[in-house]
Amino acid sequence: ESVISAGVTVANSVPTNLTPVGYLSIDENQPAGTIVGYFSADDADRDELSFVIYNEENALYPHFTIDANGTLRTKYPLDYEMDNVFSHSVEVKAMDEHGGGVSGSFDITYNDVNDPPSGSVTISGTPIVGQQLTASDNLSDEDQGGIGSKTYRWYRYGDDYINSNKLVQNTKYTIGSGVIGEQLVAVVTFGSGDFAETVVSNPTEPVNGPPANLQSTVPITVVENGNLGVVGQIFATDPNGHDITY
């Protein structure tokens, strides 16, 4: 294409070297308008360039928009699991003010990020020595593979739920005397690698233990036909520090 400048017809140099600046990638679930990357191109005439997405309204390219200065943005939040793809391609064109242009197709990579699970872990049962507690959950997870297999473990509340010694690995836990006064939690783990999940229940009330060491202050003897009066005093201890009635 020719351009008339100062009465002289000069051939227009079309833009060249359309390239992305850096790596084109986007984490999933980012808000609409998040910057994916930037584009640049060269123009021998030093014309001001503008950038467009080819067929922007075409159903093949509904995911992105581009500013005139070459800034590529998301059109709406992208969901790695919902879209079920690892990347999208986009056709970009750089144009000079005389209609010359250069275009190219570019791949944009989706980055899968950890979607936190929804739901909770709950405990049923009464925290008393000898009683059985049961853990259950209504967890769901949107990451690739979903929940998969789950592991239930029981810990003292406040432990390191990954590295501490567990009390037991099961959905059920029969309370022993070693945890009297402790609060307990059920921990569910699932997934693997970067997307391993750990979900912890609310803690129980402190485990209640029965009174112990029931005894009298002195040997109890009674003389027949004796007067009414005290023959001794019975006492016990409570591991939780609760008041005791006899």
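All values reported here derive from a predicted model rather than from experimental measurement.

**Student:** Would you mind going over the environment of S140 with me for this structure?
**Tutor:** Structurally, the position occupied by S140 is in the loop between β12 (132-137) and β13 (151-156). By relative accessible area, S140 is classed as partly exposed at 35%. Considered as a pair, S140 and G119 are 21 residues apart in the sequence and their alpha carbons are 6.4 Å apart. Contacts of S140, omitting those with residues within four sequence positions, involve P117, S118 and I147.

**Student:** What exactly am I supposed to notice about the pattern of salt bridges here?
**Tutor:** The final tally for this structure, using the stated rule, is three salt bridges. A salt bridge links R73 to D67; the shortest N-O distance between them is 2.9 Å. R73 gets classed as partly exposed once you look at its relative accessible area, which sits at 26%. With a closest N to O distance of 3.6 Å, R156 and E182 form a salt bridge. Of this pair, R156 sits in strand β13 while E182 sits in the loop between β14 (172-174) and β15 (184-190), and the two are 26 residues apart along the sequence. Classification of R156 by relative accessible area gives partly exposed; the value is 28%. On the accessibility criterion, E182 (30% relative accessible area) is partly exposed.

**Student:** Help me understand the pairing of strand β6 (residues 50-53), please; the structure alone is not making it clear to me.
**Tutor:** Taken residue by residue, a regular strand's side chains alternate between the two faces of the sheet. Along β6, the buried face is formed by F51 and I53; none of S50 and V52, which line the opposite face, is buried. Sheet topology note: the β6/strand β9 (residues 87-95) ladder contains four bridges and is antiparallel. Residue pairing in the sheet places F51 in a bridge with A94 of β9.

**Student:** Please explain unusual backbone geometry as it appears in this structure.
**Tutor:** As a rule of thumb, non-glycine residues mostly have phi less than zero, and peptide bonds are mostly trans rather than cis. Phi is positive for R46, close to 60 degrees, though the residue is something other than glycine. Tracing the chain through its elements places R46 in the loop between β5 (35-42) and β6. Its identity as a non-glycine residue notwithstanding, N213 has a phi of 60 degrees, on the positive side. Tracing the chain through its elements places N213 in strand β17 (residues 212-216).

**Student:** Even after reading the chapter, I still don't get the side chain of N12, so can you show me in this structure?
**Tutor:** Here N12 lies in the loop between β2 (8-11) and β3 (16-21). A polar atom in the side chain of N12 sits 2.9 Å from the side chain of D96.

**Student:** What exactly am I supposed to notice about a nonpolar patch on the surface here?
**Tutor:** A cluster of nonpolar side chains, namely L214, I220, V222, V231, I234, F235 and Y246, defines an oily patch on the protein surface of about 710 Å² accessible area. Along the polypeptide, I234 turns up in strand β18 (residues 234-237). Under the relative-accessibility criterion, I234 is labelled partly exposed at 38%.

**Student:** Could you clarify how one ought to interpret the sheet that holds β15 in this entry?
**Tutor:** In a beta sheet, neighbouring strands are held together by backbone hydrogen bonds and run either parallel or antiparallel to one another. Ordered by their spatial adjacency, three strands build an open sheet running β13-β15-β16, and the pairing between neighbours is antiparallel. Two strands close off the open sheet at either side, each with one partner strand: β13 and β16 (197-200). Direction aside, neighbouring strands of the sheet carry axes that sit 25 degrees apart on average.

Rules used in this analysis
Along each chain, residue indices are assigned from 1 in the same order as the chain's sequence is written. Per-residue local features of the predicted model are confined to residues with pLDDT of at least 70, and side-chain atom pairs are confined, for both listing and counting, to 80 or more; whole-chain, interface and lining totals are unaffected and use all residues. Derived side-chain values reflect all non-hydrogen atoms in the structure, with water molecules and hydrogen atoms excluded from consideration. Each helix is a run of DSSP H or I of at least 4 residues and each strand a run of E of at least 2, with the numbering of both proceeding from the N terminus. For every residue, the accessible area obtained with a 1.4 Å probe (protein chains only) is divided by the maximum for its type, and the residue is called buried under 20%, exposed over 50%, and partly exposed between those limits. Contact criterion: two residues are considered in contact whenever any of their non-hydrogen atoms come within 4.5 Å of each other. Any carboxyl oxygen of Asp or Glu that lies within 4 Å of a side-chain nitrogen of Lys or Arg is treated as forming a salt bridge with it. One requirement defines pairing of two strands: DSSP has to find at least two bridges between them. Throughout this description, a polar contact denotes any pair of N or O atoms lying within 3.5 Å of each other; where both atoms belong to protein, one of them has to be capable of donating a hydrogen while the other can accept it, and for residues adjacent in sequence the pair is counted only when both atoms sit in side chains. Candidates for patches are residues over 30% relative accessible area with no salt bridge; among them, like charges are joined within 9 Å and nonpolar side chains (Val, Leu, Ile, Met, Phe, Trp, Tyr) within 5 Å. For the area figures, the Shrake-Rupley method with a 1.4 Å probe applies, and any residue is considered shielded solely by the protein chains shown. Here an axis means a line fitted to C-alpha atoms, over the contact stretch when the element is a helix, while the angle between two N-to-C directions is reported on a 0 to 180 degree scale.

Geometric descriptors of this kind do not, in isolation, establish any biological role.
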